[in-house]
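# Breakdown of the fold
Single-letter residue listing:
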Amino acid sequence: GGVELGALFVDEGFGSLDATALDRVVKILRDLPAAEDRMVGVITHVEELKRRIPTQLLIVPEEDGSRIVARVNE
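Reading the values: rules and limits
- Residues numbered from 1 in each chain as written.
- Predicted model: local features only at pLDDT ≥ 70, side-chain atom pairs only at ≥ 80, totals over all residues.
- Heavy atoms only, no water.
- Salt bridge = Lys/Arg side-chain N within 4 Å of Asp/Glu carboxyl O.
- Helix = DSSP H or I, 4+ residues; strand = E, 2+ residues; numbered from the N terminus.
- pLDDT = per-residue confidence, 0-100.
- Polar contact = N/O pair within 3.5 Å; in protein donor to acceptor, adjacent residues only side chain to side chain.
- Patch = residues over 30% accessible without salt bridge, like charges linked within 9 Å, V, L, I, M, F, W, Y side chains within 5 Å.
- Areas by Shrake-Rupley, 256 points an atom, 1.4 Å probe, with all protein chains shown as cover.
- Buried < 20%, exposed > 50% of the residue type's maximum accessible area, 1.4 Å probe, protein only.

A few words on the pattern of salt bridges. Within this structure, the stated rule accounts for 6 salt bridges. Between Arg52 and Asp23 there is a salt bridge, with the nearest N and O atoms lying 2.5 Å from each other. Remark: Asp23 occurs in helix α1 (residues 19–36) and Arg52 occurs in helix α2 (residues 47–52); sequence separation between them is 29 residues. As a salt-bridge pair, Glu48 and Arg52 come within 2.9 Å of each other at their nearest N and O atoms. Taken together, the residues Glu48 and Arg52, both in helix α2 and 4 residues apart, mark about one turn of the helix.

Below, the structure is given as structure tokens:
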């Protein structure tokens, strides 16, 4: 009875990684969508990881709620 969404979301756990481990994680995350034909979403507050994610959806809090902003890193 499950539904296939074609998406994988990873929530945090990156803050304690050293530079070498973070490099490995970024490579794996970038390779996953191509290998599995799915979207990979990463939820993070780690600035170094944010800089390495090419397409981002940012949640921006506002007075009357929140809005979503799309950003593309080059």
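Averaged over all residues, the pLDDT of the protein is 84; the fraction at 70 or higher stands at 97%. Strand β4 (residues 65–72) holds the highest mean pLDDT among the elements of the protein, 93, whereas strand β1 (residues 7–11) holds the lowest, 82.

Checked against the element boundaries, Asp18 lands in the loop between β1 and α1. Separated by 24 residues in sequence, Asp18 and Val42 have C-alpha atoms that sit 18 Å apart. Here the side chain of Asp18 touches Ala21 through a polar contact of 2.8 Å, landing on its backbone nitrogen.

What follows concerns a nonpolar patch on the surface. A grouping of Phe9, Met39 and Ile43 is seen on the molecular surface, where their side chains present a nonpolar patch of about 320 Å² in accessible area. With relative accessibility at 47%, the residue Met39 sits in the partly exposed group.

Before going further, it helps to spend a moment on the environment of Ala19. In this fold, Ala19 is placed in helix α1. A residue is classified by how much of its surface remains accessible, and Ala19, at 57% relative accessible area, is exposed. Put simply, Ala19 and Gly2 are 17 residues apart on the chain and 37 Å apart in space, counted from C-alpha to C-alpha.

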